Amino acid sequence: MSWNADKSDQATNKLAGEVQLKKYGRILEEYLHKTSAFSDSLGCESFWDPAFNSIHLQTSPFEDQDIFQLLVSDNKTFNKNAAAVVATCLAATEAHQEALQLCQGLLFYGEGPLNEYSEGAVCVSRMLEPLQKLLGLVGRCGQVLETALGHLIALSAPTESKGLLFGSWTPDVNLHVLVDAIGTVLLTLITIQEVLSGCSLLRTHWSLLKRTLKAIAQETGGIQKEKLLRLQVVFHELEKKLITGDVLNSCLRLVIEPKSGSTFPASAIEQLFKYSKAEVAELELDVGSHLSWVKASAVFVLGTLLQGSADKKMFRLIWEPQKRITAVILLGSVLWLPESFFFNYLPSASQLADKRTKTAVAASRELYLQQKSQSLAKDTQVYFFIVCDWLIQMDACMRRDTTQLKLDDLHAKCAILLQGVEFLQSMGAIVRIIFNLHVHLGVPILRSSVVNLCKLVELMKNVEFMYYSKSIAIGESLNHLIQHLTYQIIAIVANAKKTLPADNKRNTRSRLEVLAALQTIEFCLQGTCSQERRLLTRVALISANQLKHISPDDTNNLKILMAKLDSVCELENRLRLAADCSFIYWHRVVLPIYFSRMLEERADLKRLKYIFATFHDCSSAMQHLQHIEKPEILQNQFKNEMFTALKLKLLDPLCQEIETDLRLRVHSHLQVKNEGGNKSGYHSMINFGPLRFFDDFLNIKDYVEKYLSATFYNLTTVALHDWNTYGDMRVIARVRYGVNTVDDHLPSQTLEQGLDVLEITRNLPSFVSNHVYNLNNQIFVELASNNKYLNTINVQHIANSIRTHGTGIINTTVNFTYQFLKKMFQSVSKFLFDARIKSRLMKELHNFQETKENTDQKYSFSRAEKFNQGIRRLGVTAEGQSLLDQCRDLVTQIGNAIGYVRMMRSGSRLYISKAISFVPDLEDVVSFEKMTREEGLPDSCIQSAKELDIMLNTLLSNFDKGIEYFKLLVEVFAPVCKDPKNSHFKLFHALVPPLTINFVEHIITCKEKLNKNVRDRAAFTDDGFAMGVAYLLKVLELDSEFDSLHWFQSVKEKYAMDKAELKEQTLKIKKGDEKLKQTLVLTDKRIETYQQEFDLLFFNLSSARIFFKGYVNEEIKTPTDLTESTERKVTEKN
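All values reported here derive from a predicted model rather than from experimental measurement. All chains use their own residue numbering, which begins from 1 and follows the written sequence. Local features in this predicted model are restricted to residues of pLDDT 70 or higher, and side-chain atom pairs are both shown and tallied only at a pLDDT of 80 or more, whereas totals for entire chains, interfaces and linings draw on every residue. Only hydrogens and water are set aside; all other atoms, that is, all heavy atoms of the structure, feed into the side-chain values.

Undergrad: Help me understand the overall build of the chain in this model?
TA: Comment: elements are numbered from the N terminus, with helices defined as DSSP H or I runs of at least four residues and strands as E runs of at least two. Helix and strand content of the chain: 45 helices and seven strands. Across the 1134 residues in the chain, those meeting the buried criterion constitute 47%. Any pair of residues with heavy atoms lying within 4.5 Å of one another is described as a contacting pair. Summarising the internal contacts of the chain: among those between residues at least 6 apart in sequence, 80% fall at separations of at least 24. To be clear on the numbers: accessible area is Shrake-Rupley with a 1.4 Å probe, and residue cover counts the displayed protein chains and nothing else. Total accessible area on the chain stands at roughly 57900 Å², and carbon and sulfur atoms take up 53% of it. Throughout this description, buried means an accessible area under 20% of the type-specific maximum (1.4 Å probe, protein chains only), exposed means over 50%, and partly exposed covers the range between.

Undergrad: I keep staring at unusual backbone geometry and nothing clicks. Help me out?
TA: Negative phi is the rule for most residues except glycine; trans is the rule for most peptide bonds. The residue Gln857 is not glycine, and still its phi comes out positive at about 60°. Here Gln857 lies in the loop between helix H34 (835-851) and helix H35 (861-873). Note on Gln857: relative accessible area 28%, which makes it partly exposed. Although it is not a glycine, His1046 adopts a positive phi angle of roughly 45°. Mapped onto the fold, His1046 is located in the loop between helix H42 (1039-1045) and helix H43 (1047-1068).

Undergrad: Hey, could you run me through the pattern of salt bridges in this one?
TA: If charged atoms from side chains of opposite charge come close, those side chains can pair. What makes a salt bridge here is a side-chain nitrogen of Lys or Arg within 4 Å of a carboxyl oxygen of Asp or Glu, nothing more. This structure, assessed with the given rule, holds 46 salt bridges. Between Arg538 and Asp566 there is a salt bridge, with the nearest N and O atoms lying 2.3 Å from each other. Of this pair, Arg538 sits in helix H21 (residues 531-544) while Asp566 sits in helix H22 (residues 552-569), and the two are 28 residues apart along the sequence. We classify Asp566 as buried; its relative accessible area is 9%.

Undergrad: Can you walk me through helix H39 (residues 965-978) in this structure?
TA: Residues spaced three or four apart along an α-helix face the same direction, because each turn holds 3.6 residues. When the terminal C-alpha atoms of H39 are compared, their 21 Å separation across 14 residues agrees well with the 20 Å that a helix rising 1.5 Å per residue should span. Within H39, the full set of buried residues consists of Tyr965, Phe966, Leu969, Val970, Phe973, Ala974 and Cys977. For H39, the elements touching its buried residues are helix H33 (808-833), helix H36 (883-916) and helix H41 (1024-1035). Multiplying 1.5 Å by the helix residue count minus one yields the expected span of that helix.

Undergrad: Honestly, the nonpolar core in this entry has me stumped. Any pointers?
TA: A general tendency of soluble globular proteins is for nonpolar side chains to be buried together. Ranked by size, the top nonpolar core spans 231 residues in total, and within it Phe342, Tyr467, Leu608 and Phe615 carry the most contacts. Among the elements that line this core, the one with the most residues is helix H17 (residues 407-441), at 15 residues. Setting aside anything within four residues of it in sequence, one finds Tyr467 in contact with Trp390, Met394, Ile416, Leu417, Leu418, Gly420, Val421, Ile474, Leu571 and Leu575. To form a nonpolar core, buried Ala, Val, Leu, Ile, Met, Phe, Trp, Tyr and Cys residues must be joined to one another through side-chain atoms within 4.5 Å. Grouped together as the second largest cluster of nonpolar side chains are 92 residues, Val828, Met1027, Tyr1090 and Leu1097 included.

Undergrad: Sorry if this is basic, but what is going on with the pairing of strand S6 (residues 779-782) here?
TA: Remark: a regular strand shows side chains that alternate across the two faces of the sheet. Side chains Ile779 and Val781 of S6 all project onto a buried face; the interleaved residues Phe780 and Glu782 project onto the opposite face, where all are buried too. The pairing criterion is simple: DSSP has to find at least two bridges between the two strands. Where strand S5 (residues 771-774) meets S6, four bridges bridge the pair, whose relative direction is antiparallel. For Val772, the partnering residue across the bridge sits in S6 and is Val781. Taken together, S5 and the strand that follows it, S6, pair antiparallel across an intervening segment of four residues, in which Gln778 is found at a positive phi of about 50°. In the sheet, S6 pairs with strand S7 (residues 792-794) via three bridges, with the strands oriented antiparallel. Note on S7: the bridge partner recorded for Phe780 is Ile793.

Undergrad: Which parts of the structure should I look at to understand the sheet that holds S5?
TA: Sheet strands pair via backbone hydrogen bonds, and the direction of the pair is either parallel or antiparallel. Taken in spatial order, the three strands line up as S5-S6-S7 in an open sheet, and their pairing is antiparallel. Each edge of the open sheet is held by one strand with a lone partner, namely S5 and S7. The sheet shows a mean angle of 20° between the axes of neighbouring strands, direction not considered. Lines fitted to C-alpha atoms define the axes, with helix axes restricted to the stretch in contact, and inter-axis angles between N-to-C directions lie between 0 and 180 degrees.

Undergrad: Explain the side chain of Asp617 here, please?
TA: Mapping Asp617 onto the fold places it in helix H25 (residues 608-621). Here a polar contact means two N or O atoms within 3.5 Å. Within protein one must be a hydrogen donor candidate and the other an acceptor candidate, and residues neighboring in sequence count only if both atoms are side-chain atoms. At 3.1 Å, the side chain of Asp617 forms a polar contact with the backbone nitrogen of Cys581. If near-sequence neighbours (up to four positions away) are discounted, Asp617 is found in contact with Lys461, Ala579, Asp580, Cys581 and Ser582.

Undergrad: Would you mind showing me how to read the confidence of the model for the chain here?
TA: Any segment with low pLDDT has predicted coordinates that should not be analysed in fine detail. The quantity known as pLDDT measures the predictor's confidence residue by residue, on a range of 0 to 100. On average, residues of the chain score 83 in pLDDT, and 88% of them are at 70 or above. Ranking the elements of the chain by mean pLDDT puts helix H45 (residues 1119-1133) last with 38 and helix H16 (residues 376-398) first with 93. Contacts for the low-pLDDT stretch residues 1-5, under 50 throughout, to residues beyond four places or in other chains number one contact. Contacts for the low-pLDDT stretch residues 42-47, under 50 throughout, to residues beyond four places or in other chains number ten contacts.

Undergrad: In this structure, what is going on with the packing of helix H24 (residues 591-600) against helix H26 (residues 631-666)? I would like to understand it.
TA: Think of two packed helices as two axes; the pair is described by the angle between the axes and how far apart they sit. For the pair H24 and H26, interaxial distance at closest approach is 9 Å and the crossing angle is 20°. Here H24 is positioned roughly parallel relative to H26, judged by the angle of their axes. Once H24 is placed against H26, the crossing between them reads as right-handed. Every residue of H26 that contacts H24 at Leu591, Pro592, Phe595, Ser596 and Leu599 is listed here: Met642, Ala645, Leu646, Lys649, Leu650, Pro653 and Leu654. Under the scheme applied here, ten amino acids are nonpolar (Ala, Val, Leu, Ile, Met, Phe, Trp, Tyr, Cys and Pro), four are charged (Asp, Glu, Lys and Arg), and all others, including Gly, are polar. Along the lines of polarity and charge, the residues of the contact of H24 with H26 split into ten nonpolar, one polar and one charged. Oblique is the label for every angle not falling under 35 degrees (roughly parallel), over 145 degrees (roughly antiparallel), or within 65 to 115 degrees (roughly perpendicular). By convention the crossing between two helices is left-handed if the near helix lies anticlockwise of the far one by an angle smaller than a right angle, and right-handed if it lies clockwise.

Undergrad: Where do I start with the packing of aromatic side chains in this structure?
TA: The way to describe two aromatic rings as a pair is by their centre distance and the angle between their planes. Two rings from Phe, Tyr or Trp (for Trp, the six-membered ring) form a pair when their centres sit within 6.5 Å of each other. Planes less than 30 degrees apart are called stacked, planes more than 60 degrees apart edge-to-face, and all others tilted. Applying the stated criterion across every chain, the model contains 49 aromatic pairs. For the pair Phe638 and Phe694, a centre-to-centre distance of 5.5 Å together with 80° between the ring planes defines the contact as edge-to-face. Of this pair, Phe638 sits in helix H26 while Phe694 sits in the loop between strand S3 (691-693) and strand S4 (696-698); the two residues are 56 residues apart in sequence, bridging distant segments of the chain. Side by side, Phe638 and Phe694 carry an identical accessibility label, which is buried. An angle of 70° between the planes, with centres 5.7 Å apart, marks the rings of Phe861 and Tyr1055 as edge-to-face. Of the two residues, Phe861 is situated in helix H35 and Tyr1055 in helix H43; the sequence distance between them amounts to 194 residues. For the pair Phe861 and Tyr1055, one class covers both residues: buried. Site record: aromatic cluster; members linked through ring pairs are Phe108, Tyr585, Trp586, Phe612, Phe615, Phe638, Phe643, Phe693 and Phe694. Look at NZ for Lys and CZ for Arg. If either is within 6 Å of the ring centre and within 35 degrees of the ring normal, a charge sits over the ring. A cation over a ring is seen here: Lys1054 above Tyr1055, with NZ or CZ 4.9 Å from the ring centre.

Undergrad: Would you take a moment to explain the environment of Leu561 for this structure?
TA: Within the element layout of this structure, Leu561 appears in helix H22. The spatial distance from the C-alpha of Leu561 to the C-alpha of Thr486 is 8.3 Å, given a sequence separation of 75 residues. Not counting the four nearest positions on each side in its chain, Leu561 is found in contact with Leu485, Gln488, Ile489 and Ile492.

Undergrad: Help me understand a nonpolar patch on the surface in this model?
TA: Residues with no salt bridge and a relative accessible area higher than 30% make up the patches, which join like charges within 9 Å and nonpolar side chains (Val, Leu, Ile, Met, Phe, Trp, Tyr) within 5 Å. A surface patch of nonpolar side chains, amounting to about 310 Å² of accessible area, comprises Val926, Phe928, Met931 and Leu948. As for its position among the elements, Leu948 is in helix H38 (residues 939-960).

Undergrad: How should I be thinking about the environment of Arg888 in this particular structure?
TA: Its place among the elements puts Arg888 in helix H36. The buried category is assigned to Arg888, whose relative accessible area is 4%. Those residues in contact with Arg888, other than ones at most four positions away along the chain, are Gln881, Leu995, Asn998, Phe999, His1002 and Phe1025. A polar atom in the side chain of Arg888 sits 3.2 Å from the side chain of Asp889.

Undergrad: Looking at this model, I keep getting lost on the pairing of strand S1 (residues 328-331). Mind explaining?
TA: Pairing between S1 and strand S2 (residues 334-336): three bridges, direction antiparallel. Bridging across to S2, Ile329 finds its partner in Leu335.

Undergrad: Help me out: how do you make sense of the packing of helix H19 (residues 471-498) against H22 in this one?
TA: Between H19 and H22, the least distance of the axes is 10 Å, while the angle of their chain directions is 155°. For the element pair H19 / H22, the angle class is roughly antiparallel. Of the two elements, H19 crosses H22, and the hand of that crossing is left-handed. Seen from H19, the contacting residues are Leu478, Leu481, Ile482, Leu485, Thr486, Gln488, Ile489, Ile492 and Asn495; seen from H22, they are Asp554, Asn557, Leu558, Leu561, Met562, Lys564, Leu565, Val568 and Cys569. Each residue belonging to the contact of H19 with H22 can be placed in one class, and the counts come to twelve nonpolar, four polar and two charged.

Undergrad: What is the right way to look at the environment of Gln656 in this model?
TA: If you trace the backbone, Gln656 turns up in helix H26. As for Gln656 and Leu708, which are separated by 52 residues in sequence, their C-alpha atoms are 8.9 Å apart.

Structure (structure tokens):
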């Protein structure tokens, strides 16, 4: 079935199709908007990093067809002419691109690790292949130059010979395209020569390799010798033509010498001079690049050499730009100096310009650098505002709906796209020329200039990143722009066809060529605008205006449109060349200055990504080097150098500044003056995503976190007591800077743990003998130490240790204490069993039984004192201790051990109470195992819940009922002491009175040492003695027997009587007897001191006996009852 739609239906379908296309365009725009919003929410800083993304949109058009396939006209003569010119231009461009790559490798010669001088021969041997390629390229340039001159002669001075290629071409036009190819070849040769001239190290290593080859040739023979001979031939050729030769001069001689016998056509020379004038004129209008001046100068020199004499007026015209352009950068850090070029390659230069002119150029170069440096800050500020404005316009322009573009939008897009490249070229020219002139002239660069130059580099990379971030929109826009520009050109060409003069006998051949040219233009512009098609279009335009039928306005419009078309089609390549900052490698010494200035100014460190992007340009340029084994070697060396500079000048100082700010804030209570000012800017300096640094990522925030974590850890290990301070600094760092440091879990236990419980338990005898115990505060204090400080142990330390080691350490401690007490009981048994002690104790008890009725049931203080003195008369040790002193030490050590057990019990209670505080209801603790089983959770969760239940039950059982360790230690020794074999233990209560006197004298001596600042065994407390006496009385079941002595009442009465006697003596003192009065004052002070110590001992002993009171029902007289009884007895006696 078939049907035919009428015209109205076709129009309707066309409108419907347009509507659907617009809808589809809107859908794509919405999708792109959503994806961009999604990427922004992820915080991808380097999402549009051109050095990172693996997918790249290539916008430069390329050609798959042959040149002759693009020449569709029937005019074979025109086709041959155009094909020859285009092929020559393409060959010149290709040679220039290849030369840049080879010269890039030569620029890096000598860079990288060269450990020994002999390695130079190895390095230069690796350069033989690229040097051979370079030599072949120079030869090809000579051929292209010779061919181009031949085409120029044929085109500018046509001959009537029918056998020649250009025999029928009769153009009288400007052959700018062809002469530009000649200039490109000459620029290529100049670049090669200047690069080779700057490789002084290459020539040094070349001489070394030359001597090495000679030595090898003398030692080898046969086939190897033949190979060496061939190698030496190649070596000699390279040395003659490249290393020591002048490639530009040799190529110029190659072209000029064959024509020395004949006159070069004046029309061809005129084309050369016309090209030079045009390029210089564009320079004056700030339209052309500085390289065009190099090409114009080279073409002028070539024309002058071909002409045989120099035109002074023409030379002045070419020489004029040197007042504004003192040097031109060819590649990297290689400079083209105009005075050197003309004086070296133009024989008549000395006549055209004297030596003073050459000196004046050098002086003007210094003046130019000075002026540029002075205006650099202003230029940087201007470019900053210009670039910012351009970025805003670029972003707004590329966000417009592409389905509803107008003609003005296309013009605006074209202007903005080309304007960005112009900004890049102008900023790049400023940065390159200032850096290279400082190196060339040896003038030190100012720090302010370094900062401004680096800011310009940042702006350049910012512009490049904008192009890349909008690459999708740009790619779409370029198609629209190319179509619009080609449409305008084709419209002018179509109009030219209409105005073509009528055919007559005079212009038949020219008219046919014009028609062929116009036809070629239309065909070329209807396809992709590749370089070949655009060159063909330019060549065709030369022939298309032979009859002068195209108006001057149309001719000017065609020139402008073709220039725009070239710029749009080559936008990607021009952008890459303009934004290439590989020159930073040769001036990398200034980067540390810029890094340090960024910290001083507290600049936004996100800007570092633009500087890091220049490092990628340097790494890309290094891919062409071949003098070392792998380019990665130099890349890694450069990477390490840059990271070291960044670390020393920016990252480490930044971390130190943040650390200082944290210290000042954590010690703000000390009112330390903050000389650094407000540090709030550091938060924005570090809180952003990672930056691309070569092939790695650098996260400055992570670097700061690692630095602070390492610093806090290292300093905490050195001074564990400061752990809390660094903990506070961690919190401030997290709140103030968003920096999350790693918790170092130091100290591993807690700083308040003091000595480790395990160490104390293992060395319990040493601990109880070298520490004194305070009963009320439950604290052990080291008796003596070689250090400045004394160690202390309290309940909190024990609780922290239990939290570290677990509650099982308590049982271990009790077991060790039992073993220790067992040995101590043996020592006490030996002491009491000693006949000298036993007999005296029995005598004292017998005397007490006989006299207790007369002494009111009180043990006499005087007998206890005599007992103490009598024991001392039995002899003393080398340390000056009597037997009673040794017994006191035994009792004190026993008491210290009991006090240690008490402290362990208190510490366990404290630990358990803190641990159990997280349980909400101690009366109703749920079973987590049961709950996880009911919920059907995995076995791993059930097992974890089971372990949690076991832990909770253990805590609850320990919390509800604690183990009575004192009871265990009493009951374990009580049966042994009741044994009839150990009946001498029953004498211990009689030993307590003299022991107390001995202890009081001892503690008073220790306290006096404190007052006298004597460190040898000075102490302010020793309650271990009271704990030991109480424990022994309980174990030996001698509490009642000791109480029957009423010892402390006797002590109280004794000192009360001494005070009464002292008071009577004071009343009897005669006036004026000051010595006696002082003696009585001292006596009163001594009595008061002894009485206080005995009272303190009584209180401590009473407190210690309370610990064991619950095991047997017995009453202990309180200090108040004892005081009242003592006062009553003293009153009765008086």
